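Next come the chains, spelled out residue by residue.
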Amino acid sequence: MAKKIAIGGDHAGFSLKQPLVEWLTQQGYEVKDFGTYTADSADYADFAHPVAIAVESGEFDAGVLVCGSGQGVAITANKHQRIRAALVWDTPLAALSRQHNDANIICLPARFIAQETAFECVRIFLTTEFEGGRHAIRVGKIAC
């Protein structure tokens, strides 16, 4: 199970990110919050890149990114070679992103997901193992 979690998001994700930080800490995870720390307008890339670098370097086991749609942070994080960031808004996607894609960052759409659903998606994401096998072959073809 992943224990060290990097988290970040822009202003649109702030209202979901803050409860996620608290919830993850309560679940026993070591969490580093890369910002933003207010609801003031901010650019998602300023938070997605540091989270992606933290996961890519191996300093953190997994990442959580949050913006309004989840798209901006996912696109940004996926620019990093060893990152597989998955946009997730329901529990089956959370499980499949780990089982089939070996995703290491979950991206949540704050404007389109309830807080309890987000908590459950993150729980599933962090506790689901990659299946390997034929999926490992496919994941191996992702990097450029």
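Everything below is about the structure printed above this text.
This is a predicted model, so every value here is computed, not measured. (Residues numbered from 1 in each chain as written. Predicted model: local features only at pLDDT ≥ 70, side-chain atom pairs only at ≥ 80, totals over all residues. Heavy atoms only, no water.)

**Focus: the pairing of strand β1 (residues 4-9)**
How we decide: With a 1.4 Å probe rolled over the protein chains alone, any residue whose accessible area is under 20% of its type maximum counts as buried; one over 50% counts as exposed, and the rest are partly exposed. Per the convention used, a helix needs a DSSP run of H or I reaching at least four residues, while a strand needs a run of E reaching at least two, with both numbered from the N terminus. Two strands are said to pair when DSSP picks up at least two bridges between them. Here the term right-handed applies to a crossover when the path leading from its first strand over the helix to its second strand runs clockwise, the strands being oriented away from the viewer.
Counting buried positions over the 6 residues of β1 gives 5, a clear majority of the element. Bridge analysis of β1 against strand β2 (residues 30-33) gives 4 bridges, and the strand direction is parallel. Within the sheet, the bridge partner assigned to I7 lies in β2 and is D33. After leaving β1, the chain enters helix α1 (residues 14-26) and then returns to the sheet as β2, a path that is right-handed. Here β1 pairs with strand β3 (residues 62-67) via 5 bridges, running parallel.

**With respect to the packing of aromatic side chains**
For any pair of aromatic rings, the description consists of the separation of the ring centres together with the inter-plane angle of the planes. Here is the rule: Aromatic pairs are defined between Phe, Tyr and Trp rings, using the six-membered ring for Trp, whenever the two ring centres lie within 6.5 Å; interplanar angles under 30 degrees are classed as stacked, those over 60 as edge-to-face, and all others as tilted.
Per the stated rule, a full pass over the model turns up 2 aromatic pairs. Plain terms: the ring middles of W23 and F119 are 5.1 Å apart, the flat faces sit at 5 degrees to each other, and that makes the pair stacked. Residue W23 is located in helix α1, and its partner F119 is located in helix α5 (residues 115-127); the two are separated by 96 residues in the primary sequence. Residues W23 and F119 agree in their burial class; the two are buried.

**Examining the sheet that holds strand β5 (residues 105-109)**
Selection criterion: Between N-to-C directions, angles cover 0 to 180 degrees, with each direction set by a line fitted to C-alpha atoms, over the stretch in contact for helices. Contacts are residue-level and defined by heavy atoms, with any inter-residue pair within 4.5 Å sufficient.
Strand order in the open sheet made by the 5 strands is β2-β1-β3-β5-β4, with parallel pairing throughout. The two strands at the open ends of the sheet, each matched to only one other strand, are β2 and β4 (85-87). The average angle at which neighbouring strand axes cross in this sheet is 20 degrees, direction not considered. This element, α1, spans β1, β2, β3 and β5 of the sheet and lies at about 170 degrees to β1.

**Examining the nonpolar core**
For clarity, the cut-off: Remark: nonpolar core denotes a set of buried residues (Ala, Val, Leu, Ile, Met, Phe, Trp, Tyr, Cys) joined through side-chain atoms within 4.5 Å.
Counting 27 residues, the largest nonpolar core has L20, V64, L108 and V122 as the members making the most contacts within it. Every element with two or more residues in this core is listed here: β1, α1, β3, α4 (91-99), β5 and α5. No other element matches the 7 residues that α5 contributes to this core. In this view, V122 contacts L20, W23, L24, V64, I106 and L108; residues no more than four positions away in its chain are not counted. A52, V73, A74 and C107 belong to the second-largest nonpolar core, a separate cluster that totals 17 residues.

**Thoughts on the pattern of salt bridges**
Pairing between side chains of opposite charge can happen when their charged atoms approach one another. Rule in force here: For this analysis, a salt bridge means a side-chain nitrogen from Lys or Arg found within 4 Å of a carboxyl oxygen belonging to Asp or Glu.
Inspection of every chain in the model, using the stated rule, returns 4 salt bridges. Between D33 and K17 there is a salt bridge, and its shortest N-O distance comes to 2.7 Å. Within this pair, whereas D33 is found in strand β2, its partner K17 is found in helix α1, the two being separated by 16 residues in sequence. The exposure class assigned to D33 is buried, which follows from its relative accessible area of 18%. We classify K17 as buried; its relative accessible area is 0%.

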